[in-house]
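# What the coordinates show
Residues per chain, in single letters:
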Amino acid sequence: MRPRITLAVTLRVLLQLRRDHRTLAMLLVIPCLIMTLLWWMFQDRPAIGFGSLAPALLALIPFIVMFLVTSVTTLRERTSGTLERLLAMPMGKVDFLLGYALAFGLVAAVQSALAVLLSIWALGLDVAGPVWILLLVAVVDAVLGSALGLFVSAFARTEFQAVQFMPTVVIPQILLCGLFVARDDLPPVLEVLSDVLPLSYAVDAMTAVSRDAHPAVWGDLGVVVACVLGALVLGALTLRRQSD
Amino acid sequence: MTAGVEAVALHVVRGGTEVLHDLTFEVAPRVVTGLLGPSGCGKSTLMRAIVGVQRISSGTVTVFGEPAGSAALRSRIGYVTQAPSVYDDLTIEENLAFFAAVLGVDRARVDACVHLVDLHGERSKVVGRLSGGQRSRVSLAVALLGEPALVVLDEPTVGLDPVLRRDLWQTFHRLADDGAAVFVSSHVMDEATRCDRLMLMRDGRIIADDTPRGLLERTGTADVEAAFLDLVARAAT
């Protein structure tokens, strides 16, 4: 692993993103709009509303967005031949993966910061625990999305296929993460399934931070980090220097 | 003299069919070797095997004495694929600066390579807005960044203006004069005369490996296209 190369990849990805004004604007503005929409929906029903769903949504959005962005970006890198070129150069797979993770982690941090701060200051979200932990969970969560997106991009030949992995990989996790039915109340089989899906832990951590002044999030966060590392290892396996 | 590339009994199978059949050849340093043959005859696969990105089924390919694809070779080979492998959403300058950072070469080398492919005036243009020929020259410039000892170029002159094509061939010869082994493929037989040495390929087999002059004398033909036809006809009888 060489920091010079990792950093070069990070800077390049950020530069590409900066060129693409529309994507950048959407990445930063849409999460804020969604939080505002959620807040608006519950305007007339404050009792059940915004406060209990917002933390889960703050975990979901960076995960979904980064999953999509990364799977399409890395697919493009695979199909344009630039990945093959890089792997024929003195480029470590870890350098490549970390470079991407760093770039998208940074974007996710900015994205989540905007959505979190808007929710707290403008929309009146009550967060009992420290706000920085909320942000940290959001960033780890976004990196998880990136890592999974990178992994699944190996199984797609076209961008059409790549976006189909969103309903395949992401929606079941949203359904089972406790947002719709508390995880304890799921049928036993689904409860077990929910226990092995990483997004469940991210949402648990978010909910804990918002409810508890001294939240016990490190266990949940540890599971998410382990899943990130696992997904990165799987992603590295799909970066082949040789093809058949 | 040690060979740049040495292949012995090379077989490659892709998707269940054998595309390279028992190839044995050398690519020498200090000369420009041309690999000529029709589209689909296996030129790209052969080049990929040398660069080490194509899994080989049997036989050996060594480059500067090391097995093709070994880590030690990665900084010594410049490889240009048929489709330009550069980032369309970055400028020429940004593309080169990125690959230079990966290779660990300095800015001066970036400048030199931009000049080498004659794109100095366009360097701050976004690659996606360039013409096809300009794009492939950006890709070529990236391959030359690391001052490679082996340059593998897959159809680098397709669709280029004749003046530029002549200039690029001069560049290839300059690289060879500086000591590199230059291996260039083309499906245009006219380009054969620009090579020091020729390998003619058809259906995954090398049907001739000679100097252009030697090939014409041996077949008693006036141009490489006729020589190719002659060799195919002889093989058929």
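The notes below deal with the structure included here. (Residues numbered from 1 in each chain as written. Chains lettered and ligands numbered in written order. Predicted model: local features only at pLDDT ≥ 70, side-chain atom pairs only at ≥ 80, totals over all residues.)

## Some points on the overall build of chain A
Counted only if it meets this: Helix and strand labels come from DSSP, where a helix needs a run of H or I of at least four residues and a strand needs a run of E of at least two; each type is numbered from the N terminus. Residues with at least 20 neighbouring C-beta atoms inside 10 Å of their own are called buried, those with 12 or fewer are called exposed, and the rest are partly exposed, where every C-beta is derived from the backbone. Throughout, a pair of residues is in contact if the C-beta atoms placed from their backbones lie within 7 Å.
Along the backbone of chain A there are ten helices and zero strands. Taking the principal axes of the C-alpha coordinates as reference, chain A spans close to 60 × 40 × 35 Å. Counting over 244 residues, chain A shows a buried share of 44%. Of the contacts formed within chain A by residues at least 6 apart in sequence, a portion of 78% connects residues at least 24 apart.

## Observations concerning the interface of chain A and chain B
Quite often, the size of an interface is put as the accessible area lost when its parts meet. Test applied: Throughout this entry, Asp, Glu, Lys and Arg are counted as charged residues, while Ala, Val, Leu, Ile, Met, Phe, Trp, Tyr, Cys and Pro are counted as nonpolar. The remaining residues, Gly among them, count as polar.
Taken together, the contact pairs 22 residues of chain A with 24 residues of chain B. Elements with a contribution of two residues or more to the side of chain A that touches chain B: helix 1 (3-19) and helix 4 (82-87) of chain A. With seven residues, helix 1 of chain A is the single largest residue contributor to the side of chain A that touches chain B. Taken together, the residues of the side of chain A that touches chain B break down into eight nonpolar, six polar and eight charged.

## Considering the sheet that holds strand 4 (residues 58-63) of chain B
Residue and element names in this part refer to chain B. Definition in use: Whether two strands pair depends on DSSP finding at least two bridges between them. Lines are fitted to the C-alpha atoms to define the axes, a helix being fitted only along its stretch in contact, and any angle between axes, read from their N-to-C directions, falls within 0 to 180 degrees.
Sheet architecture is open: four strands sit in the order 2-1-4-5, paired in antiparallel fashion. Two strands in the sheet have a free side with no partner beyond their single neighbour: strand 2 (17-27) and strand 5 (66-67). In this structure, strand 4 lies alongside strand 5, joined through two bridges in antiparallel fashion. Bridge pairing in strand 5 places T62 opposite P67. Contacts from helix 1 (residues 43-51) reach strand 1 (5-14), strand 2 and strand 4 within the one sheet, and its direction differs from that of strand 1 by about 120°.

## A look at the nonpolar core
All names here are of chain A. Note the following rule: Buried Ala, Val, Leu, Ile, Met, Phe, Trp, Tyr and Cys residues form a nonpolar core when they are connected through C-beta atoms within 7 Å.
Ranked by internal contacts, the top residues of the largest apolar core, which has 147 residues, are V137, L144 and A202. Counting residues per element, this core draws most heavily on helix 3 (residues 50-79), at 14 residues. Excluding residues that lie within four positions of it along the chain, L144 makes contacts with F63, P198, A202, V224, C227, V228 and A231.

## Points about the sheet that holds strand 7 (residues 150-154) of chain B
Residue and element names in this part refer to chain B. Taken in spatial order, the six strands line up as 6-7-8-3-9-10 in an open sheet, and their pairing is mixed. Only two strands of the sheet have a single neighbouring strand rather than two, namely strand 6 (77-80) and strand 10 (205-210). Mean inter-strand twist for the sheet, computed between neighbouring axes without regard to direction, equals 15°. As judged from the four bridges shared by strand 6 and strand 7, these two strands associate in the parallel manner. Bridge pairing in strand 7 links Y79 to V152. Against the sheet, helix 6 (residues 212-219) contacts strand 9 (197-202) and strand 10, and its axis sits at roughly 105° relative to strand 10.

## A few points about the pairing of strand 1 of chain B
In summary, the side chains of a regular strand alternate between the two faces of the sheet. Residue and element names in this part refer to chain B. In the sheet, strand 1 pairs with strand 2 via seven bridges, with the strands oriented antiparallel. Paired with V12 across the strands is L20, a residue of strand 2. The antiparallel hairpin formed by strand 1 and strand 2 contains two residues in its connecting segment, where G15 sits at a positive phi of about 55°. Bridge analysis of strand 1 against strand 4 gives five bridges, and the strand direction is antiparallel.

## Quick word on the packing of helix 2 (residues 21-41) of chain A against helix 5 (residues 93-122) of chain A
Residue and element names in this part refer to chain A. As a reminder, the rule being used: Throughout, the term roughly parallel applies to angles under 35 degrees, roughly antiparallel to angles over 145, roughly perpendicular to angles from 65 to 115, and oblique to all others. Each crossing gets its hand from how the near helix is turned against the far one by less than a right angle, where anticlockwise is left-handed and clockwise is right-handed.
The N-to-C vectors of helix 2 and helix 5 enclose an angle of 30°; their axes lie 9 Å apart at closest approach. Taken together, the axes of helix 2 and helix 5 are roughly parallel relative to one another. Two packed elements cross with a definite hand, and for helix 2 against helix 5 that hand is right-handed. The segment helix 2 lies against helix 5, with L27, L28, P31, C32 and M35 engaging V107, V110, Q111, L114, A115, L118 and S119. Here the contact of helix 2 with helix 5 is built from residues that sort into ten nonpolar, two polar and no charged.

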